[in-house]
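Reading the structure
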Amino acid sequence: MKCPYCGAENVEAVKRWEMPKMGYRVTHYRCKHCGGLFNHYVGKGREFVLRVRPRRIQGG
Ligand SMILES: [Zn+2]
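Our subject in this report is the structure included herewith.

1. Observations regarding the overall build of the protein chain
- When you go through the protein chain residue by residue, the secondary structure sums to 0 helices and 4 strands.
- Moving toward the C terminus, one meets the helices and strands of the protein chain in the order β-β-β-β.
- In the protein chain, the proportion of contacts linking residues at least 24 apart, taken out of those at least 6 apart, comes to 24%.

The structure is reproduced here in structure tokens:
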């Protein structure tokens, strides 16, 4: 698994859950390199990655 933010492969799976209605299995990852969070969806021969939030959030 590659980080969609920085491309590093140094990511860890934080948690997993199922989306039975959609037929997807979701894994939530955190990149150890940049701290980016993203979800990996797998199901029915498809898979894709969605970014959960930007690498940095500036308050205010
Ligand atoms: Zn990263």
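2. Topic: the pairing of strand β2 (residues 24-31)
- Bridge analysis of strand β1 (residues 11-19) against β2 gives 8 bridges, and the strand direction is antiparallel. Directly across from Trp-17, in β2, lies its bridge partner Val-26.
- Hairpin connection from β1 to β2: 4 residues lie between these consecutive antiparallel strands, with Gly-23 at a positive phi of about 80°.
- Judged from the 6 bridges that link them, β2 and strand β3 (residues 37-43) form a sheet pairing that is antiparallel.

3. Digging into the pairing of β3
- Between β2 and β3, which follow one another and run antiparallel, lie 5 residues, and Gly-35 among them has a positive phi close to 80°.
- Between β3 and strand β4 (residues 46-51), which pair antiparallel and follow one another directly, the connecting turn spans 2 residues, one of which, Lys-44, has a positive phi of 50°.

4. Section: the nonpolar core
- One finds Cys-3, Val-11, Tyr-29, Cys-31 and Phe-38 forming the largest nonpolar core, which totals 5 residues.
- Each residue touching Tyr-29, except ones within four places of it in the same chain, is listed here: Met-1, Val-11, Glu-12, Ala-13, Val-14, Phe-38 and His-40.

5. What about the environment of Val-26?
- For Val-26, the location among the structural elements is in strand β2.
- Taking the C-alpha atoms as reference points, Val-26 and Lys-15, 11 residues apart in sequence, are found 8.4 Å from one another.
- Not counting the four nearest positions on each side in its chain, Val-26 is found in contact with Arg-16, Trp-17, Met-19, Asn-39, His-40 and Tyr-41.

What counts, and at which threshold
- Residues numbered from 1 in each chain as written.
- Predicted model: local features only at pLDDT ≥ 70, side-chain atom pairs only at ≥ 80, totals over all residues.
- Helix = DSSP H or I, 4+ residues; strand = E, 2+ residues; numbered from the N terminus.
- Contact = placed C-beta atoms within 7 Å.
- Pairing = 2+ DSSP bridges.
- Core = buried A, V, L, I, M, F, W, Y, C linked by C-beta atoms within 7 Å.
- Buried ≥ 20, exposed ≤ 12 C-beta atoms within 10 Å, placed from the backbone.

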